[in-house]
Every structure is written in structure tokens, then in C-alpha cells.
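This is what each chain is made of:
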Amino acid sequence: MTIAVIGSNMVDLITYTNSLPKAGETLEAPDFAIGCGGKGANQAVAAAKMGGNVMMVSKVGDDLFAPNTVANLQQQGVDTRFVTTAPGTSSGVAPIFVDDQSQNRILIIKGANQQLKPADIDDAAEALKACQLIILQLEIPLETVYYAIDFARQHQINVILNPAPAVATLDIDYACKCDFFMPNETELEILTGLPVSSDEEVILAGQSLLKRGLKNLIITLGSRGSVWMSGDEIHRVDATPVQAVDTSGAGDAFIGCFAYLLVETGDVAAAMTQASAYAACSVTGRGTQRAYPDAESFQRFLN
Ligand code: ADP
């Protein structure tokens, strides 16, 4: 294995409706779909679809969603030996309500993801030690994230930390132990308490984190692209212009593709350019994982 994602998986339960029921009311909705999601799983699938050798350390619930989640990861080429069941819990689920203006209302029930503990990292230790890169997000307990960072440091494994969803209490000292810290602009705003509405403000907020000892900060800015800051260096990458249909999971597509290329080439700037195109391609389709291209369709998109 070369890449390990220690993180979440979720089942998206998507109801398409323009009206939500009031208390005590029952309404009929026109359409429904199930999708595989969760930031950890999305990033693992994006890296695997690009051709990466990817394993996941994750928890599924004791329910009918679990076999589907595992089968989906396997179908996308992700090693699921360390995707285990948390007895007596539900899987992580996200009931999502989408109206005809494409507005989303999302509830997150973390379920089994909250049961991913440091002991699960110990159980996967031998396989993890063989990896070159560990990717982490914040949909699992913080203590597990911190434990994984210390484990990686101890075994000289590179770490990407994607601080999503934003947790204001994240210990920045842990972020500093990571090789890459990758928030989007909203997460940067919450972590720093600084405004991020212009490029200048984003850079200032980024610098406030770098001053605390971050090595590499990559901020994704939606259709405004992304920026890599390290020491005094600032490298800007424009977004690839596309007709966006559904931008959910764009950040995960970016991180998964970036991670794969980082391991393959070590060229950060080139990996960002490609990840930016990969994420742009992903927003031209509906859904998250299902909209991520494999290496072949990504080549067609680039040509
Ligand atoms: P998140 O999904 O975490 O909110 P962003 O919205 O910042 O992440 O998107 C991640 C990356 O995806 C951006 O840096 C950009 O490269 C690409 N991207 C996002 N939205 C668009 C868009 N509308 N057009 C082209 N690229 C996009």
C-alpha cells in the first residue's frame, strides 16, 4: 500500500423535494437516491480511481448499509481489510434534502465513525507502516486524528490533514506536525477567526497559521482556485473553467488526486494543477464519488 486514509465513510440519503414537513405532518417527495460518501471514503476513492494503491482504516455500523459501503470501496479498488464493524451502532449517514434550486439541507449522523479509536490504528499498524502517506480529516474523533499524526511521525510517514469539517478547537501544534494542511476557505476562516473574502485576506489568514509553524498550507477556494503557501513562497493555481453542475465533494476530489500525484511524483505544484483539473471535472457531474473520473476519463477530460 502507498496511501492510507484514516477517516469517515457516510451513506448519503438524498431526498429531492421542494417542501419539508412541519411537525406532525407527512408529505410525499418526488424522488430519492442513495450515494456513498463521507470525506475519508471520498478521498480514498478519488486517489484509487486515479490509480493509487489505497487502503482505508474506517468504521461501519452494525446495519444494512455496512456491506454496501464495503462493497463500494472494494469496487473502486480500495483495500478494506481495516474497515471494521462497530457493534450496536448505526453507520454514518447524511440525510440530504435537495430542492429544485439545487439548495441542499444536510444532517450528519456520524454513527460508527465516532467509534474509530486509536486502538484501530494499532490494529492496522503493520499495514500503515508500509504506507508513504496518511490522509486525515475531522469526521472521526480528534483523539484518533492526533494519535494517527503521532504514529505517522514516529514511523516517518508523510501526513495530509484536511481540517474538515472545521473544528475551532483543533490543536494547531498537531497541524504543524503534518506535511500538508489543506483547509478550504471557510475552514481557514473558522480556524483563524480572520476574514477570507478576498485573495489578500486569504493570504493574511494563511500567514497567521504559517507563523505558528505550519510547513505547507494549501487552501482551496472553490471556483477561485487554490493557493499553496510555504515559508515566504506563495503559489497560486486558477480553477479550471467548467460548467459546474454539483460542487459537493470537490475538495475531496482535489485532495485524493493531489495525494496520489504527490506520492507518485513529489512535485507539489504540478500535483495541484492536476488536482485542480480533476476537481473541476468532478463538479461537471452530479454526486460525489460517482462524479469522480477514473484515470482514463480524466485523460479524456484534459484532451
Ligand atoms: P470544498 O468541497 O471542500 O468546499 P472547494 O469548494 O474549495 O472545496 O473546491 C476544491 C477545489 O475544486 C477548488 O480549489 C477548485 O480547484 C475545484 N473547484 C471547486 N468548484 C469549482 C468550480 N465551480 N469550477 C472549477 N473548479 C472548481
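Presented here is an overview of the structure given in this document. Being a predicted model, the structure only gives us computed values, none of them experimental. (Residues numbered from 1 in each chain as written. Predicted model: local features only at pLDDT ≥ 70, side-chain atom pairs only at ≥ 80, totals over all residues. Heavy atoms only, no water.)

## Some words on the packing of aromatic side chains
Put simply, the test is: To pair, rings of Phe, Tyr and Trp, with the six-membered ring standing in for Trp, must have centres within 6.5 Å; the planes then decide the type, stacked if under 30 degrees apart, edge-to-face if over 60, and tilted in the middle. Elements are defined by DSSP. Helices are runs of H or I of four residues or more, strands are runs of E of two residues or more, and each kind is numbered from the N terminus. When a residue's accessible area, from a 1.4 Å probe over protein chains only, is under 20% of the maximum for its type it is buried; when over 50% it is exposed; and in between it is partly exposed.
Per the stated rule, a full pass over the model turns up five aromatic pairs. Ring centres of Tyr-278 and Tyr-292 lie 6.4 Å apart, and the angle between their planes is 55 degrees; this geometry places the pair in the tilted category. Of this pair, Tyr-278 sits in helix α10 (residues 268-282) while Tyr-292 sits in the loop between α10 and α11 (295-302); the two residues are 14 residues apart in sequence, bridging distant segments of the chain. Taking the centre distance of 5.2 Å and the plane angle of 80 degrees together, the rings of Tyr-278 and Phe-298 count as edge-to-face. Residue Tyr-278 is found in helix α10, and its partner Phe-298 is found in helix α11; the two are separated by 20 residues along the sequence. For the pair formed by Tyr-278 and Phe-298, the shared burial category is buried.

## Quick look at the packing of helix α1 (residues 39-49) against helix α9 (residues 250-265)
Our working definition: Axis definition: a line fitted to C-alpha atoms, limited for helices to the stretch in contact. Angles are taken between N-to-C directions and run from 0 to 180 degrees. Roughly parallel covers angles under 35 degrees, roughly antiparallel covers those over 145, roughly perpendicular covers 65 to 115, and oblique covers all other angles. What makes a crossing left-handed is the near helix being turned counterclockwise from the far one by less than a right angle; a clockwise turn instead makes it right-handed. Between two residues, a contact is recorded if the distance between any of their heavy atoms is within 4.5 Å. Note that Gly is not counted as nonpolar here; it falls among the polar residues with everything else outside the nonpolar set of Ala, Val, Leu, Ile, Met, Phe, Trp, Tyr, Cys and Pro and the charged set of Asp, Glu, Lys and Arg.
It is at 7 Å that the axes of α1 and α9 come closest, and there the two elements cross at 45 degrees. Here α9 runs oblique to α1, going by the angle between their axes. By crossing handedness, the relation of α1 to α9 is classed as right-handed. Contacts between α1 and α9 involve Lys-39, Asn-42, Gln-43, Ala-46 and Ala-47 from the former and Asp-252, Ala-253, Ile-255, Gly-256, Cys-257 and Tyr-260 from the latter. A per-class count over the contact of α1 with α9 returns six nonpolar, three polar and two charged.

## Focus: the site of the ligand
Going by this rule: Nearness is judged by heavy atoms alone; a residue qualifies as near a molecule or strand once a single heavy atom is within 4 Å of it. Definition of a polar contact: a pair of N or O atoms within 3.5 Å, with one able to donate and the other able to accept a hydrogen when the atoms are protein atoms, and with sequence-neighbouring residues admitted only if both atoms are side-chain atoms. Residue burial considers only the protein chains on display, and all accessible areas are found by Shrake-Rupley using a 1.4 Å probe.
The immediate surroundings of the ligand are formed by 17 residues, with Asn-184, Thr-220, Gly-222, Gly-225 and Gly-251 found nearest. Here Gly-251 contributes a backbone N or O atom positioned 2.8 Å from an oxygen atom of the ligand. Contacts to the ligand include Ser-276, whose side-chain N or O atom sits 3.5 Å from an oxygen atom. About the coverage of the ligand: the protein hides 82% of its 560 Å² of free accessible area. Going through the elements one at a time, α9 and α10 are the ones with two or more residues in the shell around the ligand. For the shell around the ligand, the class distribution of residues is eight nonpolar, nine polar and no charged.

## Quick word on the nonpolar core
Where a protein is soluble and globular, its nonpolar side chains tend to be buried together. The criterion, for reference: Put simply, a nonpolar core is a bunch of buried Ala, Val, Leu, Ile, Met, Phe, Trp, Tyr and Cys residues held in one set by side-chain atoms that sit within 4.5 Å of each other.
Ile-6, Met-55, Leu-128, Ile-134, Leu-136, Leu-161 and Phe-181 are the most contacted members of the largest nonpolar core, which has 46 residues in total. When residues of this core are assigned to their parent elements, the largest contribution, six residues, is made by helix α5 (residues 142-154). Ignoring anything within four residues of it in the chain, the contact list for Ile-6 reads Val-57, Leu-116, Ile-121, Leu-128, Ile-134, Ile-135, Leu-136, Gln-137, Ile-140 and Ala-148.

## Considering the sheet that holds strand β7 (residues 104-106)
The criterion, for reference: Note on pairing: DSSP must find at least two bridges between two strands before they are called paired.
Overall, mixed pairing links the four strands, which are arranged β3-β2-β6-β7 in an open sheet. Edge positions in the sheet fall to β3 (31-37) and β7, since each has one partner strand and no second. Neighbour-to-neighbour, the strand axes of the sheet open up by a mean angle of 25 degrees, direction not taken into account. One ladder, built from three bridges, connects strand β6 (residues 93-98) with β7; its direction is antiparallel. Bridge assignment links Val-98 to a residue of β7, and that residue is Asn-104.

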